[in-house]
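# Observations on chain architecture
As a plain string of letters, each chain reads:
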Amino acid sequence: MLQAKITVVVTSYNYGQFIIVALESVAKQTFSDFECIILDDGSIDNTKEIVTKWVKKDTRFKYYYQENTGVSKARNNAIKMASSEYILPLDADDKISKNYLEECYNIIAFNSDVKVVYGASYLLNKPNKKWNLDNYNFEDLLYKNMLHCTSLFRKKDWERIGGFDEKLTVGLEDWEFWIHLLKSGGEVVKINSCKFYYRIKEQSLNVTMINNSYGYDSRLYIFNKHIESYRKTNFYDMYFENYRLKKKIDNPLSYMPSSHLLILFFKSLKENIQSFVVKVKRKFTKRN
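In this report, we go over the structure that sits alongside the text. (Residues numbered from 1 in each chain as written. Predicted model: local features only at pLDDT ≥ 70, side-chain atom pairs only at ≥ 80, totals over all residues. Heavy atoms only, no water.)

Let us now look at the packing of helix α7 (residues 173–182) against helix α9 (residues 216–225). Where α7 meets α9, the closest approach of the two axes is 11 Å, and the angle between their N-to-C directions is 10°. Relative to α9, the element α7 lies roughly parallel. Where α7 abuts α9, its residues Trp175, Glu176, Ile179 and His180 lie against Arg219, Ile222, Phe223 and Lys225. In terms of residue class, the contact of α7 with α9 is made up of 4 nonpolar, 1 polar and 3 charged. (Axes fitted to C-alpha atoms, helices over the stretch in contact; angles between N-to-C directions. Helix = DSSP H or I, 4+ residues; strand = E, 2+ residues; numbered from the N terminus. Parallel < 35°, antiparallel > 145°, perpendicular 65-115°, else oblique. Contact = heavy atoms within 4.5 Å. Nonpolar A, V, L, I, M, F, W, Y, C, P; charged D, E, K, R; others polar.)

Rendered as structure tokens:
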């Protein structure tokens, strides 16, 4: 069998109810020279049963199972098995338009300066509603992600930076991956004619993380890992310090020494007593 030009990497953890939609969107591609590696990251639902039947229909699809490791390691393990020069991650509950691979390949394969290609983003749960991401530039990427995970890149770039950071186990691994891949330069191209459809889940990992103090620990880890890139920007000092300040405001008890807490407690107690004494004096004065 000849080596495919693109490997689509589908990682799944308990997405049996959605995964066929993702796989069908890959099977219907106008670009047929691909392989699809499906890595089941320890699912305990019916994913294995569903996908095992699916791969029998098309030899380009390959199914593998492993004990649960988390999304970063799962993606890395799947990409290690890829035989192609180009990689496209696709979460098992999302999907792509039928021209996605063709449009992205035609850009990156013929321009060595292009490091990442991706399509316009739409919300799968809300038909025809765009997921508006800001236009890419690296300085802005340092402060917020503007590239969804289903973007095409070269396997050699993945190898160069050591893949997805497996220390990021609660989200933001794709953001860190793009920072790492692009901090040495390279163009990023967005194609509006091909579409990526993202499914918003009620209890998705990203939603859980955002509700949990905006992923401060993960963000601070990313800042420290790429500290030299942040220091090259004019906004580093202001942004980093304000970020730490906001964390202290949102979680004061976790950042304040016990001695300071005692001081605040007695200060508050003193103010309450003084306020109470003033009120009593006012009432007593009025009666007299």
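Okay, the packing of aromatic side chains next. This structure, assessed with the given rule, holds 15 aromatic pairs. Seen from their ring centres, Tyr105 and Phe110 are 6.2 Å apart, and the 80° between their planes marks the pair as edge-to-face. When its relative accessible area of 12% is taken as the criterion, Tyr105 is described as buried. With centroids separated by 4.8 Å and ring planes inclined at 80°, the aromatic side chains of Phe223 and Tyr230 adopt a geometry described as edge-to-face. With respect to burial, Phe223 and Tyr230 carry one shared label: buried. Put simply, the rings of Phe31, Tyr86, Tyr105 and Phe110 pair up and form one aromatic cluster. The ring of Phe164 carries the charged tip of Arg75 above its face, separated from the ring centre by 5.1 Å. The side chain of Lys95 reaches across the aromatic face of Tyr197, ending 5.2 Å from its centre. (Phe/Tyr/Trp six-rings, centres within 6.5 Å; stacked < 30°, edge-to-face > 60°. Buried < 20%, exposed > 50% of the residue type's maximum accessible area, 1.4 Å probe, protein only. Lys NZ or Arg CZ within 6 Å of the ring centre and 35° of its normal.)

As a further point, take helix α4 (residues 100–108). Residues of α4 that are buried: Tyr100, Leu101, Cys104, Tyr105 and Ile108. The buried residues of α4 occupy an angular sector of 110° when projected down its axis, which confines them to one face. (Arc of directions from axis to C-beta.)

Turning next to the sheet that holds strand β4 (residues 86–91). Pairing is mixed in the open sheet, where 5 strands are placed in the order β3-β2-β1-β4-β7. On the outer flanks of this sheet lie β3 (61–66) and β7 (153–154), each paired with one strand and no other. Pairing of strand β1 (residues 6–12) with β4, which is carried by 6 bridges, proceeds in the parallel orientation. Within β4, the position partnered with Ile6 by the bridge is Tyr86. (Pairing = 2+ DSSP bridges.)

Judged by nonpolar contacts, the single largest core of 66 residues is most densely connected at Ile6, Val8, Val10, Leu23, Cys36, Ile38 and Phe61. Here the element with the most residues in this core is α7; it accounts for 6 residues. Setting aside anything within four residues of it in sequence, one finds Leu23 in contact with Val10, Cys36, Ile38, Val51, Trp54 and Phe61. (Core = buried A, V, L, I, M, F, W, Y, C linked by side-chain atoms within 4.5 Å.)

The residue Asn14 is not glycine, and still its phi comes out positive at about 60°. Turning to its location among the elements, Asn14 is positioned in the loop between β1 and α1 (19–27). Phi angles above zero are rare outside glycine, and Leu172 is one such case at about 70°. Looking at where Leu172 falls in the secondary structure, it is placed in the loop between α6 (155–161) and α7.

Here we come to the sheet that holds strand β8 (residues 187–198). The sheet built from 3 strands is open, its strands ordered β5-β8-β6 with mixed pairing. Each of the sheet's edge strands pairs with one partner strand only, and the pair in question is β5 (95–96) and β6 (114–123). The pairing of β5 with β8 spans 2 bridges and is classified as antiparallel. What sits directly across from Ile96, in β8, is Phe196. Set on the sheet, α7 makes contact with β6 and β8; between it and β6 the angle comes to about 155°.

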